Amino acid sequence: SASALDFPLFQLQCEDIIQELSSTAYKLAGECLERVTDSIKQRAESILHEWKATYDKIKTPPKDEDELAELKDFMATVERAISKPLMAKTREVHRQCEMVESFFHAIDPDVVLSTFLSFQWPLAITLANGEAEHALEREKIQFMEELEREKVVFWQDMTKYKEDLQWVESLNDYQQASALAPKIDNLHQNLQRARDRV
């Protein structure tokens, strides 16, 4: 029999030893597969979190020029620096899932779902990138139009201030100048505000 070994003077019964070794091996394999499954779950969640953080960063409008410059740099490198590495990690997690399933070890359906959800994110990131570029271009055009309007108003004010300054310089009578002091003071304040606007 396969569970007994025959020697010249005796016979060794191995059935209990084989059963104990087999049981221990299955238990150890189950523990290893459970650890791999836990690793898959953690990595899948981490990958999904990175995808969402990337998407949110692209979709969040910048508050100032520094954030705008940072966002543009981020958007320019998102494909190479984030999407491709995350897709490589996702494929690796899928290979681990296939390995675990090849041993008929069950994986939580939510974990399987989260590994597959990662495949939708590259397209979502690409679309968000395109929408953000379009929105930033639209904001840039609006900003340039507003700047042009402010520039026209500024030069109109400066022309008026220049005329007022020439008029003040033409005053040669002290009494007349002191009577017009409030107007001159107002001109001074307007010039200060114009300088601050620039």
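To be clear, the structure that these remarks concern was listed above.
Counting from 1, residues in each chain are numbered in the order their sequence is written. Only residues with pLDDT of at least 70 are given local features in this predicted model, and only at 80 or more are side-chain atom pairs given and counted; all residues enter the totals for whole chains, interfaces and linings. Side-chain calculation: all heavy atoms of the structure are included, whereas hydrogens and water are not.

(A) Inspection of the overall build of the protein chain at higher detail. Helical segments are the DSSP runs of H or I of at least four residues, strand segments are the runs of E of at least two, and each set is numbered from the N terminus. Counting secondary structure elements, the protein chain contains six helices and two strands. Counting from the amino terminus, helix and strand elements in the protein chain follow one another as β-β-α-α-α-α-α-α. Here the globule rule reads 2.2 Å times residues to the power 0.38, and the radius of gyration is calculated from C-alpha atoms. Computed over its C-alpha atoms, the radius of gyration of the protein chain comes to 38 Å, more than 25% above the 16 Å expected for a compact globule of 198 residues. On the principal axes, the C-alpha backbone points of the protein chain span a range of 140 × 30 × 25 Å. Between buried and exposed lies partly exposed: a residue is buried under 20% and exposed over 50% of the maximum accessible area for its type, with that area taken using a 1.4 Å probe on protein chains only. Split into buried and exposed, the 198 residues of the protein chain put 22% on the buried side. At a minimum sequence separation of 6, the contacts of the protein chain that also span at least 24 residues come to 66%. Should any heavy atoms of two residues lie within 4.5 Å, those residues are considered in contact.

(B) View of the pattern of salt bridges. The salt bridge definition used is simple: a Lys or Arg side-chain nitrogen within 4 Å of an Asp or Glu carboxyl oxygen. Taken as a whole and judged by the stated rule, the model has seven salt bridges. E50 is paired through a salt bridge with K89; the nearest N and O atoms lie 3.6 Å apart. Of this pair, E50 sits in helix α1 (residues 15-59) while K89 sits in helix α2 (residues 65-102), and the two are 39 residues apart along the sequence. Residue E50 is classed as partly exposed on the basis of its relative accessible area of 30%. In this structure, D56 and K52 form a salt bridge, with 3.2 Å as the shortest nitrogen-oxygen distance. On the criterion of helical spacing, the pair formed by D56 and K52 is a turn pair, its members being four residues apart in helix α1. Its relative accessible area of 42% is what places K52 among the partly exposed residues.

(C) Up close: a nonpolar patch on the surface. Any residue with relative accessible area above 30% and no salt bridge may belong to a patch, with like charges joined within 9 Å and the nonpolar Val, Leu, Ile, Met, Phe, Trp and Tyr side chains within 5 Å. Every accessible area reported is derived by Shrake-Rupley at a probe size of 1.4 Å, with residue values counting cover from the shown protein chains alone. Side chains of L5, F7, L9, F10 and L12 sit close together on the surface and give an oily, nonpolar patch of about 530 Å² of accessible area. Judged by its relative accessible area of 82%, L9 falls in the exposed class.

(D) Examining the side chain of S114 more closely. Along the polypeptide, S114 turns up in helix α3 (residues 109-117). Here a polar contact is recorded for every N or O atom pair within 3.5 Å, except that within protein the pair must consist of a potential hydrogen donor and a potential acceptor, and residues adjacent in sequence are included only if both atoms are side-chain atoms. In this structure the side chain of S114 is engaged in a polar contact, spanning 2.8 Å, whose partner is the backbone oxygen of V111. Beyond its immediate sequence surroundings of up to four residues, S114 is in contact with A44 and L48.

(E) Representation of the nonpolar core in the model. Only buried residues count toward a nonpolar core. Its members are Ala, Val, Leu, Ile, Met, Phe, Trp, Tyr and Cys residues joined through side-chain atoms within 4.5 Å. Counting residues in hydrophobic clusters, the biggest one holds 23 residues, and the most contacted among them are I40, W51, I58, M75, V78 and I125. Going through the elements one at a time, α1, α2 and α4 (121-170) are the ones with two or more residues in this core. When residues in this core are grouped by element, the largest group, 10 residues, is from α2.

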